[in-house]
Amino acid sequence: MAGGNERSVKALKEVWKRAENSLCADCGKPDPDWASSTLGVFICLSCSGIHRNIPSISKVKSLKMDYWDDAQVQFLAKHGNAVTKAIYEAHIPIYYYQPSYNDCQVLREQWIRAKYERKEFTEEGKQLPYSDGVKEGILWKRGRDNGQFLPRKFLLSEREGCLKYFTKQDAKEPKINVKIDVINATFQPEKIGNPNGLQITYLKDNKTRNIFVYHESGKEVVDWFNAIRSVQFHYLKVAFPIASDNEIKNRLTRNFLKEGYMEKTGPKQREAFKKRWFTLDHRRLMYFKDPLDAFAKGEVFVGSGENGYSVQKGLPSGTQGNFSWHYGITIVTPDREYLFTCETETDQLEWIRAFTSVINQAMTPQEYASKCVDAVSFPS
């Protein structure tokens, strides 16, 4: 700590080491070493940068390098993460996505601004821009064939239980009309090449379709994301009336377990291995020629260990296909083996961990019903 009288420094250390202050108040990262002298919360370095961009609300200082006077230390002691959260997070809708330190910048920034700047969660029953069951507006959508982002009108409706988009502002009929219960949404700034990039996926004829969109406003795109979760939540409450709120919350939008390049060979396992982009979305392993493809070239169902699925490090001895990457993975299913190679051992181990986490989970009745996608083979 940079300075202050001995009593003040000791008092700061004592409030800092309270259990409630051991995680960042905004993203949950362990061992925060910054704090807001105006809000009274302990935060990590990354979140402190976001706080610094709203100086009218929050003034941040390093707990290690900056000087804290007696009044500021007393303010921290009086508040801290528990007291401040009780104020600013008092009425968060159950469907609202609360980001962690692993999430992208736009999600974390809008979460912080929603709490402290807009005070969206301080009052019960407050009307929120993503809570009224309908949302309409323009998102920039990537063209399936030409790759250009063009403005398209989107309409989300809880009453109709669907998401639509229109190619023209005055169009009477939508280009797509997707049921809300088959939609997933996840932020993909790096893949899309925009800090506010959002990937919307849905099932069509039991195959996954991708739509890539963004909005210039971080607030607007996060509002769309939470509006989708809100409509999904209320739809599922009706569909599954005996399910608890937390059970339904766990069925809302989800991040992909793992994405990245691997090489794969065809079903005969004698073809040359080809580099492809893979996405593991819980039990659906999909591959694409390009990360921004609208449709997967192939999908395979990854079931549970008790149903005959396993993942093995390396390739079977005698594998004939030519491959340039040498860190192999074999997925064993009741019907066949799928062979992949990774560029590095780190990639290999991360993929194996992701597959193992899925295989170790028991299958739900709904997953048994969707098991038919296992018949979709990986062409070469």
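This is a predicted model, so every value here is computed, not measured.

## Focus on the UniProt feature "domain: PH" (unreviewed entry) in the protein
Mapped onto the present numbering, the UniProt feature "domain: PH" (unreviewed entry) falls at residues 132–233 and 255–360. Between the C-alpha atoms that bound residues 132–233 the distance is 12 Å, and the span itself is 20% helix and 46% strand.

## A closer look at the UniProt feature "domain: Arf-GAP" (unreviewed entry) in the protein
In the UniProt entry, the feature "domain: Arf-GAP" (unreviewed entry) is given for residues 6–129. Counting secondary structure, residues 6–129 comes out at 40% helix and 6% strand; the distance between its end C-alpha atoms is 48 Å.

## Structural notes on the pattern of salt bridges
All told, the structure shown has 19 salt bridges when counted by the stated rule. Between E220 and K135 there is a salt bridge, with the nearest N and O atoms lying 3.2 Å from each other. One end of the pair, E220, is in helix α7 (residues 218–239); the other, K135, is in strand β4 (residues 134–142), with 85 residues separating them in the sequence. Two residues, K237 and D245, come together in a salt bridge whose shortest N-O distance is 2.8 Å. Since its relative accessible area comes to 31%, K237 is described here as partly exposed. Overlapping salt bridges, with partners in common, bring together D26, K85, E89 and K115 in one network.

## Quick word on the sheet that holds strand β3 (residues 60–62)
Taken in spatial order, the three strands make up an open sheet running β2-β1-β3, and their pairing is antiparallel. Pairing within the sheet leaves two strands with one partner each, and these edge strands are β2 (42–43) and β3. Across two bridges, strand β1 (residues 34–36) lies against β2 in antiparallel orientation. Considered in β2, the bridge of W34 is made with I43.

## Quick notes on the sheet that holds strand β10 (residues 207–214)
As summarised here, the arrangement of the seven strands in space is β7-β6-β5-β4-β10-β9-β8, forming an open sheet in which the pairing is antiparallel. Strands at the two margins of the open sheet, each flanked by one partner only, are β7 (176–179) and β8 (183–187). Direction aside, the axes of adjacent strands within the sheet are offset by 35° on average.

## Section: the nonpolar core
Of all hydrophobic cores here, the largest spans 55 residues; its most connected members are I43, L156, I183, F187, L198 and I200. Ranked by the residues each element gives to this core, the list is headed by α7, at nine residues. Look past the residues within four positions of I200 in its chain and what remains in contact with it is L163, I183, N184, A185, R209, N210, I211, V213 and I228. M262, Y309, Y338 and W351 belong to the second largest nonpolar core, which has 22 residues in total.

About the thresholds
- Residues numbered from 1 in each chain as written.
- Predicted model: local features only at pLDDT ≥ 70, side-chain atom pairs only at ≥ 80, totals over all residues.
- Heavy atoms only, no water.
- UniProt positions renumbered as here; feature names shortened; annotations may be inferred.
- Helix = DSSP H or I, 4+ residues; strand = E, 2+ residues; numbered from the N terminus.
- Salt bridge = Lys/Arg side-chain N within 4 Å of Asp/Glu carboxyl O.
- Buried < 20%, exposed > 50% of the residue type's maximum accessible area, 1.4 Å probe, protein only.
- Pairing = 2+ DSSP bridges.
- Axes fitted to C-alpha atoms, helices over the stretch in contact; angles between N-to-C directions.
- Core = buried A, V, L, I, M, F, W, Y, C linked by side-chain atoms within 4.5 Å.
- Contact = heavy atoms within 4.5 Å.

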